[in-house]
Structures are given as C-alpha cells and as structure tokens.
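Take a look at the letters that make up each chain.
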Amino acid sequence: MNPRLAAARALTAVLSSKASLGSSLPPQLDKVEHHDRALAQDLAFGAARWQPRLQLLAEKLLEKPFKAADKDVEALLLIGLYQLLHSRIPAHAAIGETVGCAGSLKKPWAKGLLNAVLRRAQREHEALFAELDRDPVLHSAHPRWLQKALKAHWPEHWQAICAANNAHPPLILRVNRRHGSRDAYLEELRSAGFAAEPCTFSRDGVRLLQPCDVTTLPGFKEGRVSVQDEAAQLAADLLELAPGQRVLDACAAPGGKTCHLLEVEPGLSEVVAVDLEAKRLARVRENLERLHLDATLIAADGRDTQAWWDGQPFQRILLDAPCSATGVIRRHPDIKLTRQPEDIPALAQLQGELLDALWPTLAPGGILLYATCSVLPTENSETIAAFLARTADAQEVAIIGDFGLQPTHGRQLLPQLDGHDGFYYAKLIKTAVTSHS
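All values derive from a computational prediction rather than experimental measurement.

### Some details on the domain arrangement of the protein
Alright, step 1. Taken domain by domain, the protein comprises domain 1 (3–141) and domain 2 (230–430).
Alright, step 2. Between domain 1 and domain 2, the contact holds 14 residues from the first and 9 residues from the second.
Alright, step 3. Note on domain 1 versus domain 2: buried area summed over both sides is about 880 Å², and carbon and sulfur give 61% of it.
Alright, step 4. Seen at the junction of domain 1 and domain 2, the total is 0 salt bridges.
Alright, step 5. Counting across the domain 1 and domain 2 interface gives 4 residue pairs in polar contact (both at pLDDT 80 or more).
Alright, step 6. For the side of domain 1 that touches domain 2, the elements supplying multiple residues, two or more each, are helix 1 (3–16), helix 3 (34–49) and helix 4 (51–61).
Alright, step 7. In terms of residue class, the side of domain 1 that touches domain 2 is built from 9 nonpolar, 3 polar and 2 charged.

### Observations concerning the UniProt feature "binding site: S-adenosyl-L-methionine" (unreviewed entry) in the protein
Alright, step 1. Following the UniProt record, one finds the feature "binding site: S-adenosyl-L-methionine" (unreviewed entry) at Cys251, Ala252, Ala253, Pro254, Gly255, Gly256, Lys257, Asp275, Asp301 and Asp320.
Alright, step 2. By the secondary structure assignment, Ala253 is in the loop between strand 5 (246–250) and helix 13 (256–264).
Alright, step 3. Beyond its immediate stretch of four places on either side in the chain, Ala253 contacts Asp275, Arg280 and Val284.
Alright, step 4. Looking at where Asp275 falls in the secondary structure, it is placed in strand 6 (residues 270–275).
Alright, step 5. Excluding residues within four positions of it along the chain, Asp275 makes contact with Cys251, Ala252, Ala253, Arg280, Leu281, Ile298, Ala299 and Ala300.
Alright, step 6. A polar atom in the side chain of Asp275 sits 3.1 Å from the backbone nitrogen of Ala252.

### A look at the sheet that holds strand 2 (residues 196–198)
Alright, step 1. If you trace the 4 strands from one edge of the open sheet to the other, you get 2-3-1-4, paired in antiparallel fashion. Two strands lie at the open edges of the sheet, namely strand 2 and strand 4 (225–227), each paired on one side alone. Direction aside, the axes of adjacent strands within the sheet are offset by 30° on average.
Alright, step 2. Bridge count for strand 1 (residues 171–175) against strand 4 is 3 bridges, and the pairing is antiparallel. Across the sheet, the residue bridging to Val175 is Val225, located in strand 4.

### So, the UniProt feature "domain: SAM-dependent MTase RsmB/NOP-type" (unreviewed entry) in the protein
Alright, step 1. Here, the residues flagged by UniProt with the feature "domain: SAM-dependent MTase RsmB/NOP-type" (unreviewed entry) are residues 161–431.
Alright, step 2. End C-alpha atoms of residues 161–431 are separated by 37 Å, and the span's content is 30% helix alongside 23% strand.

### A word on the packing of helix 4 against helix 7 (residues 110–131)
Alright, step 1. Relative to each other, helix 4 and helix 7 sit at 110°, their axes nearing to 10 Å. It follows from the interaxial angle that helix 4 and helix 7 lie roughly perpendicular. In contact with Arg53, Leu57, Lys60 and Leu61 of helix 4, helix 7 contributes Val117, Arg120, Ala121, His125, Leu128, Phe129 and Glu131.
Alright, step 2. Broken down by class, the residue content of the contact of helix 4 with helix 7 amounts to 6 nonpolar, 1 polar and 4 charged.

### Thoughts on the side chain of Ser140
Alright, step 1. Mapped onto the secondary structure, Ser140 falls in helix 8 (residues 136–140).
Alright, step 2. Since its relative accessible area comes to 3%, Ser140 is described here as buried.

### Considering the nonpolar core
Alright, step 1. In this structure, Leu11, Leu77, Leu81 and Leu114 are the most contacted members of the largest nonpolar core, which totals 51 residues.
Alright, step 2. Listing elements by their share of this core, those giving two or more residues are helix 1, helix 3, helix 4, helix 5 (71–86), helix 6 (91–104), helix 7 and helix 8.
Alright, step 3. For this core, the element with the most residues is helix 5, which contributes 9 residues.
Alright, step 4. Once residues lying within four places of it in the same chain are set aside, the contact partners of Leu114 are Val73, Leu76, Leu77, Thr98, Val99 and Ala102.
Alright, step 5. By size, the runner-up hydrophobic cluster in this structure holds 48 residues, among which are Trp154, Trp158, Val271 and Ala295.

So, how was this worked out
- Residues numbered from 1 in each chain as written.
- Predicted model: local features only at pLDDT ≥ 70, side-chain atom pairs only at ≥ 80, totals over all residues.
- Heavy atoms only, no water.
- Domains from an automatic or database assignment.
- Contact = heavy atoms within 4.5 Å.
- Buried area = accessible area lost by both parts, 1.4 Å probe.
- Salt bridge = Lys/Arg side-chain N within 4 Å of Asp/Glu carboxyl O.
- Polar contact = N/O pair within 3.5 Å; in protein donor to acceptor, adjacent residues only side chain to side chain.
- Helix = DSSP H or I, 4+ residues; strand = E, 2+ residues; numbered from the N terminus.
- Nonpolar A, V, L, I, M, F, W, Y, C, P; charged D, E, K, R; others polar.
- UniProt positions renumbered as here; feature names shortened; annotations may be inferred.
- Pairing = 2+ DSSP bridges.
- Axes fitted to C-alpha atoms, helices over the stretch in contact; angles between N-to-C directions.
- Parallel < 35°, antiparallel > 145°, perpendicular 65-115°, else oblique.
- Buried < 20%, exposed > 50% of the residue type's maximum accessible area, 1.4 Å probe, protein only.
- Core = buried A, V, L, I, M, F, W, Y, C linked by side-chain atoms within 4.5 Å.

Below is the structure:
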C-alpha cells in the first residue's frame, strides 16, 4: 500500500470521528515494508500536528469546503500540504504521489483539484500566510478554542506550551531501581554507544539524545528499563510508599505507573490495578510480565466500588484520572482534531465522580494522589478545590519540589521542549474527621 494512502485513511478516521491515530492506522500496514509503515505514520501524525495551520491555508485555497463524504480527499490534501511545508520531501514527489492516491481512493475527479491546489500552495503559501499573520491559530497551530484557553489560563506561558506541543517528544526511560542505579545504567548506555543524560526531576529518568528502537537498549528485554515520561515518573515518590501498604492504582492502563510503584517499593503488601476495559488491562499485564512484577488486575468502572472493592482499605491511592490529555499533544497530535471544548466540563464531572467514589476506600491517614496529563485548570486545580470544599475529611498536602508551577491547589507541570510532558498532581490526605461526624 502507498504510505500516503495509508496515512490518508488513518487521518480520515480522525477527521470523521473521534478515533485516534494510534488505533486507526489501517491493518494493511502490517503487510508493507517497515520504511513505508514508518513514513505513513509520520505523514499522518505530521498532518495532525499542523492541521489547524494547514486547514487555514486550505480554506484560502479552496473555493468551497469538502463534503462529508470526501473527508478522505481532504485528508489527502492536508497530507500533501504537510509534505510541501513541513517535510524534506521534494515538492514534485509530494504533489505527484498525493495526487496519485486519489485514483486509489476511486475518486479520480479529485486528481485535478489536488494538483491545482497543491501547486498553488507551492507558489503562494508565503503570501497567503502573510494575509493570516494576525491569526494566532496560524502561529500556534492549535485549534482556536484551545489556543484561547491556553492564553487565558497561562498568559505568560501559552506560547511556550504551543511550541512544546508542536515539537517531537523526547524519548525518556525509567531505570528499574530493583536492578541497579540510574548512574550505572547511564554508563552502560554510553558504553553501548547510546548518548543519554539524566532527567532533571525524576530519580529514575534518563533522556536519550537520539531516538532508537527501545528493544535494542541494554537490559530492556530483561526489564531493567522502561519507557515513561519524566513527569509521570514523579508519581511513585510523591505517594510516599512504605512496606506493608496496600495500594490502589485507579485508571491504571497501560501500566507504567503500576510497575513503577512496585519497582520503588518491593515490600508493598498488594497493588490493585483497576481499569474500565479488560483489553486495556492486557497492556498492564504485558508490562508486569516483562518486568517480572505482580499486581491484582480488575476490569471495572472505578466509580462502581460495590462491584470491585473487597472492603479492605488502601493506604495509598493513585488516581490517574481520564482527562483531555492536553499536556501530551506532542505525543498524540490527533488530540488537536478529536478534542472539543464541550469535552472539558464533562471530563471534570467524571474526575469529581471518581474522587468521590474512591475516597471511602482510603484508610484514615492514607494519601490519595490525583494526577492528570492535562494543562487545563478546569480538570486540575478547580476539580481539587471543589472536592476539598465538599469533603470534610480531605486535606491537601503541599507538594515539595522544584518542578512545575503552584496554582491554588496542587502542582502544574507544563510541557517542556526536550523535557517532561504537561502533567498535574494534587496530594490529599484523609484526616480522622469524617463527613458524618
């Protein structure tokens, strides 16, 4: 399969629904060469990353918008524009290959349209962009609603957030403490020819200076190292783990944090990992097996504690709540296409319901760590403020550290170029006072 066609079909799924690129690359890609598969993914992800900017240009170039039935042609156009403006692919190849895909889509009528629009873009894009120079969507390459939200919430940081979101993410590793120190592993990497440096805030974090196939890393297959962003690695130490504790990891998939908890404190009495779907827990199980770790896996809605909780309290709870994922756009650029402004209050409602449901399962004196990969206060500090206001036995614990910013509640990490993703943490302790006293 032509990689541009495969990319167009993947991008069409995103444009037409709330499918993600990660799940919508066509299954036919399994039958093509690795290079073509990698190219298709690059084209789809690249077009998604710059889609708000490319869409502005397309609207200037087209006489009328595409019909709903022609989302595949629209996707082809965006991929062609991405190649022209954001890749090193020669212009003649970008145009010719993109136009050629229209025939494979059984829409030969689109060849002339694509050819004319792409050639005009090649000639006139600088002048057309100049006409749009004052539009922040052009410069931020973020959908208008999100650009406005970032500017409103982070007036001093929004441009840096957008720049980090548009960059390719670094490859961050987590060294397994059970198998040696980070310093020792860094030396092993260097001896094997991998350029790397320690992360700034995570005790276990390593940043590779060049991406690679992680299965080629020393000790990966043996479970001595895993892939996990630095911001996500902070959860385990923030929980203040100790031997004998029973720990709940709610919304646990894909299991990176579940495994890290067990690596940091081998003496935990039990880790219970809950996630809504059994198929998502399969990833958790795979990670546990590679790292030779053990946890209790339960497929259930975390809010429905009567269905899964055995009544034995947890001394620690990690609630990595479902969220907008606006802090990890650089890793999942299709978020720019699939996330909508009305999603945010709905997610905040869900986050509040999870907090309310899980709080009774926490032992007095226990700690709940609330986490999201969002940069929007509606899901973060505002959610925590509302929970504290309605929960008599919940008290916030200050998060001490030199990472992130301090909003009214918790700590907010914003995405950093060559650094950590966007992330939020709030630390809550259950006092002796109950809501019924």
